[in-house]
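Close look at the chain arrangement
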Amino acid sequence: MTTETNTAFEGFKDAFKNIQNLEVPEAAREFVKKTANTAKDRAAEVFAGSERVTAAVENAVTESVTEAGKISRNIQQAIYDDAQAFFAGIDQLASAKSFSEAVEIQSSLLRARGEAFVSRAKATTDYLGKLAANGAKSAQDNFAKVYNKTA
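The text that follows walks through the structure, step by step, so that each part is easy to find.

Cut-off values and rules
- Residues numbered from 1 in each chain as written.
- Predicted model: local features only at pLDDT ≥ 70, side-chain atom pairs only at ≥ 80, totals over all residues.
- Heavy atoms only, no water.
- Helix = DSSP H or I, 4+ residues; strand = E, 2+ residues; numbered from the N terminus.
- Buried < 20%, exposed > 50% of the residue type's maximum accessible area, 1.4 Å probe, protein only.
- Contact = heavy atoms within 4.5 Å.
- Areas by Shrake-Rupley, 256 points an atom, 1.4 Å probe, with all protein chains shown as cover.
- 1 Å grid on protein atoms, 1.4 Å probe; cavity = no way out; pocket = protein on both sides within 12 Å on 5 of 7 lines; lining within 4 Å.
- Points joined across faces, edges and corners; volume = space filled by probe spheres on them.
- Phe/Tyr/Trp six-rings, centres within 6.5 Å; stacked < 30°, edge-to-face > 60°.
- Salt bridge = Lys/Arg side-chain N within 4 Å of Asp/Glu carboxyl O.
- Patch = residues over 30% accessible without salt bridge, like charges linked within 9 Å, V, L, I, M, F, W, Y side chains within 5 Å.
- Expected span 1.5 Å × (residues − 1).

This part takes up the overall build of the protein. For the protein, the helix and strand inventory stands at three helices and zero strands. Reading the helices (α) and strands (β) of the protein from amino to carboxyl end gives α-α-α. In the protein, buried positions account for 7% of the 151 residues. Here the contacts in the protein between residues at least 6 apart in sequence split such that 64% fall between residues at least 24 apart. With an accessible surface of roughly 12500 Å², the protein has 63% of that area assigned to carbon and sulfur atoms.

Here it is as structure tokens:
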């Protein structure tokens, strides 16, 4: 039975010896190399695209944080200016020598505060309009950079 088993497996042994010495055709090797290089190039393109997306997001977030800081500082400055104007107004009212002079000072102060309010409202409207236009342009530019490079 041992001889029969050895004989039965001789064919497999010979086949395995031949597989080890089997030559892979040049076309098959070139196909594998080309496919691997294409996959490597695609991976590099995906990585570069993800870097562009990350840069666009960073840019948008940085601009948003910067603008939020500017808005916060402008609000703080407006509050400070209003407090200074209020205290200056109290000082002016305290120096009034008659009721009619106090009314005149109060009217002048109210007119100045109204003008300041209108000026701030106009400046805020202009600023927000520019901010929206710049934000839309920035988003469009970032989208174009990302889309054009990955398409």
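After that view of the structure, there is still more to cover.
A few words now on the layout of surface pockets. Of the pockets and cavities examined, the largest pocket occupies roughly 290 Å³. Ile-71, Asn-74, Ile-75, Gln-77, Ala-78, Asp-81, Arg-120, Ala-123, Thr-124, Tyr-127 and Leu-128 are the residues that line the largest pocket. Breaking the lining of the largest pocket down by element, the ones donating at least two residues are α2 (26-94) and α3 (99-150). Here the lining of the largest pocket gets six residues from one element, more than from any other, and that element is α2. Roughly 170 Å³ of internal volume is contained in the second largest pocket. Lining the second largest pocket are 10 residues, and of these Glu-63, Glu-67, Leu-131, Asn-134 and Gly-135 sit closest to its centre. Those elements that place two or more of their residues in the lining of the second largest pocket are α2 and α3.

For the coordinates displayed, the defined rule picks out one aromatic pair. Considering the side-chain rings of Phe-86 and Phe-87, the 5.5 Å spacing of their centres and the 65° angle between planes classify their relative orientation as edge-to-face.

A word on the pattern of salt bridges. Applying the stated criterion across every chain yields a total of six salt bridges. Arg-42 is paired through a salt bridge with Glu-45; the nearest N and O atoms lie 3.0 Å apart. Here Arg-42 and its partner Glu-45 are both found in helix α2, three residues apart, which amounts to about one turn of the helix. Its relative accessible area of 44% is what places Glu-45 among the partly exposed residues. It is possible to trace a salt-bridge network through shared partners that takes in Asp-82, Arg-113 and Arg-120.

The next subject is a nonpolar patch on the surface. Taken together, the side chains of Val-53, Val-57, Val-61 and Val-65 make up a nonpolar region of the molecular surface, amounting to roughly 330 Å² of accessible area. Note on placement: Val-53 falls in helix α2. The class of Val-53 is partly exposed, set by a relative accessible area of 38%.

This brings us to α2. Its 69 residues give α2 an end-to-end C-alpha distance of 101 Å, which sits within 8% of 102 Å, the value for a rise of 1.5 Å per residue. Every buried residue of α2 is listed here: Gly-49, Ala-56, Glu-67, Ala-78 and Gly-89.

Inspection of the secondary structure puts Glu-67 in helix α2. Setting aside chain neighbours within four positions, we find Glu-67 in contact with Tyr-127 and Leu-131.

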